[in-house]
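Notes for the structure review
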Amino acid sequence: ALHAVVTTLRKSYRTQGAIQQACQAIKEGDSKTAWKVATESSEATNASDGVIHLATLPKQLTTALRSMVKTHWVPHLLNTKLKQKEKLKAIDAFRILCPTHAGPYGIESVNAAVETILKSEGVDTSEPWYAGRSIIIQKNNNALGIFNGDTGLTLRETNETFACFNAPDGVRLITPTLLPEVKTA
(Lines give C-alpha, C1' and ligand atoms only; values in the text may rest on other atoms or scores of the structure.)
Protein backbone atom coordinates (compact mmCIF):
# COMPACT_ATOMS: atom_id res chain seq x y z
CA ALA A 1 0.00 0.00 0.00
CA LEU A 2 1.21 3.50 -0.79
CA HIS A 3 0.62 4.84 2.72
CA ALA A 4 3.56 2.69 3.91
CA VAL A 5 6.02 4.38 1.53
CA VAL A 6 8.34 6.97 3.08
CA THR A 7 10.40 9.41 1.04
CA THR A 8 13.23 11.44 2.50
CA LEU A 9 14.11 14.63 0.66
CA ARG A 10 17.85 15.21 0.74
CA LYS A 11 18.40 18.31 -1.41
CA SER A 12 17.08 21.78 -0.65
CA TYR A 13 16.25 24.07 -3.52
CA ARG A 14 14.98 26.86 -1.27
CA THR A 15 18.07 27.86 0.68
CA GLN A 16 21.74 28.19 -0.12
CA GLY A 17 25.02 29.15 1.50
CA ALA A 18 25.11 29.83 5.23
CA ILE A 19 21.34 29.50 5.63
CA GLN A 20 21.43 26.00 4.12
CA GLN A 21 24.41 25.02 6.30
CA ALA A 22 22.68 26.24 9.46
CA CYS A 23 19.45 24.43 8.54
CA GLN A 24 21.37 21.19 7.86
CA ALA A 25 23.10 21.43 11.22
CA ILE A 26 19.75 21.98 12.95
CA LYS A 27 18.26 18.95 11.14
CA GLU A 28 21.20 16.87 12.37
CA GLY A 29 20.75 18.13 15.93
CA ASP A 30 24.13 19.88 15.86
CA SER A 31 23.33 23.11 17.66
CA LYS A 32 27.02 24.02 18.09
CA THR A 33 27.65 24.03 14.32
CA ALA A 34 24.32 25.76 13.61
CA TRP A 35 25.20 28.58 16.02
CA LYS A 36 28.75 28.85 14.65
CA VAL A 37 27.50 29.13 11.05
CA ALA A 38 24.83 31.65 12.06
CA THR A 39 27.20 33.88 14.00
CA GLU A 40 30.16 33.71 11.62
CA SER A 41 28.29 34.22 8.34
CA SER A 42 28.46 37.80 7.17
CA GLU A 43 29.75 37.79 3.61
CA ALA A 44 28.80 35.93 0.47
CA THR A 45 30.50 35.82 -2.87
CA ASN A 46 27.13 35.81 -4.60
CA ALA A 47 24.01 37.69 -3.47
CA SER A 48 21.93 34.51 -3.78
CA ASP A 49 24.30 32.45 -1.57
CA GLY A 50 22.28 33.19 1.53
CA VAL A 51 23.94 35.22 4.25
CA ILE A 52 22.79 35.30 7.86
CA HIS A 53 22.63 38.72 9.52
CA LEU A 54 21.83 38.49 13.20
CA ALA A 55 20.05 41.45 14.69
CA THR A 56 18.66 42.29 18.08
CA LEU A 57 15.33 43.83 17.29
CA PRO A 58 14.23 46.86 19.27
CA LYS A 59 10.71 47.59 20.39
CA GLN A 60 10.06 49.54 17.19
CA LEU A 61 10.12 46.67 14.69
CA THR A 62 9.23 48.82 11.66
CA THR A 63 12.11 51.19 12.38
CA ALA A 64 14.52 48.28 12.77
CA LEU A 65 13.50 46.65 9.46
CA ARG A 66 13.07 49.81 7.33
CA SER A 67 16.62 50.08 6.01
CA MET A 68 16.89 46.35 5.14
CA VAL A 69 13.52 46.31 3.35
CA LYS A 70 14.30 49.56 1.49
CA THR A 71 17.70 48.23 0.40
CA HIS A 72 16.99 44.58 -0.38
CA TRP A 73 13.33 44.44 -1.36
CA VAL A 74 11.71 47.70 -2.46
CA PRO A 75 14.06 48.46 -5.39
CA HIS A 76 13.29 45.07 -6.95
CA LEU A 77 9.54 45.34 -6.47
CA LEU A 78 9.33 48.82 -7.98
CA ASN A 79 11.76 48.19 -10.86
CA THR A 80 9.53 47.74 -13.90
CA LYS A 81 12.50 46.71 -16.07
CA LEU A 82 13.19 43.53 -14.09
CA LYS A 83 11.79 40.31 -15.53
CA GLN A 84 9.75 37.93 -13.37
CA LYS A 85 12.67 35.53 -12.87
CA GLU A 86 14.94 38.42 -11.79
CA LYS A 87 12.38 39.64 -9.25
CA LEU A 88 12.01 36.14 -7.82
CA LYS A 89 15.78 35.75 -7.54
CA ALA A 90 16.13 39.12 -5.79
CA ILE A 91 13.32 38.40 -3.34
CA ASP A 92 14.65 34.87 -2.64
CA ALA A 93 18.00 36.41 -1.69
CA PHE A 94 16.30 38.41 1.09
CA ARG A 95 14.40 36.58 3.83
CA ILE A 96 13.61 37.59 7.38
CA LEU A 97 13.50 34.46 9.52
CA CYS A 98 11.34 34.60 12.65
CA PRO A 99 11.46 32.41 15.74
CA THR A 100 7.66 32.17 16.16
CA HIS A 101 4.40 32.78 14.31
CA ALA A 102 2.88 35.14 16.86
CA GLY A 103 4.27 37.62 19.36
CA PRO A 104 6.23 40.85 19.04
CA TYR A 105 8.94 39.33 16.79
CA GLY A 106 6.90 36.58 15.18
CA ILE A 107 5.94 36.18 11.53
CA GLU A 108 2.67 38.08 11.92
CA SER A 109 4.36 41.14 13.47
CA VAL A 110 7.27 41.12 11.02
CA ASN A 111 4.92 40.81 8.02
CA ALA A 112 2.81 43.70 9.31
CA ALA A 113 5.95 45.84 9.77
CA VAL A 114 7.22 44.96 6.27
CA GLU A 115 3.84 45.80 4.71
CA THR A 116 3.87 49.16 6.53
CA ILE A 117 7.31 49.87 5.06
CA LEU A 118 6.25 48.75 1.56
CA LYS A 119 3.19 51.03 1.75
CA SER A 120 5.34 53.99 2.79
CA GLU A 121 7.59 53.30 -0.22
CA GLY A 122 4.75 53.36 -2.73
CA VAL A 123 3.67 49.71 -2.87
CA ASP A 124 -0.13 49.44 -2.69
CA THR A 125 -0.73 46.79 -0.01
CA SER A 126 -4.47 47.41 0.33
CA GLU A 127 -5.51 44.28 -1.61
CA PRO A 128 -4.90 40.74 -0.33
CA TRP A 129 -3.04 39.84 -3.55
CA TYR A 130 -1.08 43.08 -3.91
CA ALA A 131 1.74 43.17 -6.45
CA GLY A 132 4.95 42.47 -4.57
CA ARG A 133 3.49 40.21 -1.87
CA SER A 134 5.96 37.45 -1.06
CA ILE A 135 4.05 34.22 -0.46
CA ILE A 136 4.67 30.73 0.87
CA ILE A 137 2.52 27.70 0.06
CA GLN A 138 1.13 25.87 3.11
CA LYS A 139 -0.44 22.84 1.42
CA ASN A 140 0.53 20.60 -1.50
CA ASN A 141 -1.37 20.71 -4.78
CA ASN A 142 -0.01 18.06 -7.16
CA ALA A 143 -2.18 19.20 -10.05
CA LEU A 144 -0.57 22.65 -9.96
CA GLY A 145 2.88 21.33 -9.08
CA ILE A 146 2.89 23.54 -5.96
CA PHE A 147 4.08 22.16 -2.66
CA ASN A 148 4.23 23.10 1.02
CA GLY A 149 7.13 25.52 1.51
CA ASP A 150 7.31 26.76 -2.09
CA THR A 151 7.82 30.51 -2.17
CA GLY A 152 6.68 32.95 -4.80
CA LEU A 153 5.76 36.52 -5.50
CA THR A 154 2.49 38.14 -6.49
CA LEU A 155 2.86 40.21 -9.65
CA ARG A 156 0.45 42.28 -11.71
CA GLU A 157 0.83 42.21 -15.48
CA THR A 158 -1.56 43.54 -18.11
CA ASN A 159 -4.19 44.23 -15.42
CA GLU A 160 -4.08 40.62 -14.20
CA THR A 161 -2.65 39.37 -10.93
CA PHE A 162 -0.54 36.21 -10.84
CA ALA A 163 1.40 34.27 -8.27
CA CYS A 164 4.83 33.77 -9.80
CA PHE A 165 7.02 30.77 -8.92
CA ASN A 166 10.36 29.48 -10.10
CA ALA A 167 10.06 26.48 -12.40
CA PRO A 168 12.67 24.25 -14.04
CA ASP A 169 11.93 25.84 -17.42
CA GLY A 170 11.77 29.43 -16.15
CA VAL A 171 8.80 30.91 -14.34
CA ARG A 172 5.32 29.59 -13.66
CA LEU A 173 2.36 31.98 -13.34
CA ILE A 174 -0.73 30.83 -11.44
CA THR A 175 -3.96 32.68 -10.78
CA PRO A 176 -4.02 33.27 -6.99
CA THR A 177 -7.55 31.91 -6.55
CA LEU A 178 -6.31 28.48 -7.70
CA LEU A 179 -3.62 28.25 -5.03
CA PRO A 180 -4.00 26.03 -1.99
CA GLU A 181 -3.50 27.56 1.45
CA VAL A 182 -1.02 30.44 1.26
CA LYS A 183 0.56 32.90 3.69
CA THR A 184 2.66 36.01 3.35
CA ALA A 185 6.34 35.04 3.50
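This section reports on the structure supplied with the text. (Residues numbered from 1 in each chain as written. Predicted model: local features only at pLDDT ≥ 70, side-chain atom pairs only at ≥ 80, totals over all residues. Heavy atoms only, no water.)

In this section: the packing of helix H3 (residues 61–72) against helix H6 (residues 107–120). Viewed as axis vectors pointing N to C, H3 and H6 meet at an angle of 60 degrees, and their least axial separation amounts to 9 Å. With respect to each other, H3 and H6 are oriented oblique. Between H3 and H6 lies a crossing of right-handed hand. Between H3 and H6, the contacting residues are Leu61, Thr62, Leu65, Arg66, Val69 and Lys70 on the first element and Ser109, Val110, Ala113, Val114, Thr116, Ile117, Leu118 and Ser120 on the second. When its residues are assigned to classes, the contact of H3 with H6 shows eight nonpolar, four polar and two charged. (Axes fitted to C-alpha atoms, helices over the stretch in contact; angles between N-to-C directions. Helix = DSSP H or I, 4+ residues; strand = E, 2+ residues; numbered from the N terminus. Parallel < 35°, antiparallel > 145°, perpendicular 65-115°, else oblique. Left-handed = near helix turned anticlockwise from the far one by under 90°. Contact = heavy atoms within 4.5 Å. Nonpolar A, V, L, I, M, F, W, Y, C, P; charged D, E, K, R; others polar.)

All right, on to helix H5 (residues 84–92) then. Among all positions in H5, only Gln84, Lys87, Leu88, Ala90 and Ile91 are buried. For H5, the angular spread of the buried residues around the axis is 165 degrees, confining them to a single face. Against the buried residues of H5 lie H3, helix H4 (74–78), strand E1 (134–137), strand E2 (151–157), strand E3 (160–167) and strand E4 (170–174). (Buried < 20%, exposed > 50% of the residue type's maximum accessible area, 1.4 Å probe, protein only. Arc of directions from axis to C-beta.)

Most peptide bonds adopt trans geometry, and most residues besides glycine take a negative phi value. The phi dihedral of threonine 158 falls on the positive side, at around 45 degrees, and the residue is not glycine. By the element assignment, threonine 158 lies in the loop between E2 and E3. The backbone of asparagine 159 sits at a positive phi, close to 60 degrees, despite the residue not being glycine. Assignment of secondary structure puts asparagine 159 in the loop between E2 and E3. Overall, the relative accessible area of 74% leaves asparagine 159 in the exposed class.

The subject of this paragraph is the side chain of lysine 87. Counting through the fold element by element, lysine 87 comes out in helix H5. Buried within the structure, lysine 87 lacks any salt-bridge partner; glutamate 157 is the closest side chain of opposite charge, at an N-O distance of 7.4 Å. Beyond its immediate chain neighbours, meaning those up to four positions away, lysine 87 contacts His76, Leu77, Asn79, Leu82, Leu153 and Leu155. (Lys, Arg positive; Asp, Glu negative; His and termini not counted. Salt bridge = Lys/Arg side-chain N within 4 Å of Asp/Glu carboxyl O.)

Core analysis: the biggest nonpolar cluster contains 19 residues, and Leu65, Val69, Trp73, Leu77, Val114, Leu118 and Leu153 have the highest contact counts within it. Looking at this core, the elements with two or more residues in it are H3, H4, H5, H6 and E2. Per element, the largest residue contribution to this core is five residues, and it comes from H6. Within the second largest apolar cluster, eight residues are counted, among which are Ile146, Ala163, Phe165 and Ile174. (Core = buried A, V, L, I, M, F, W, Y, C linked by side-chain atoms within 4.5 Å.)

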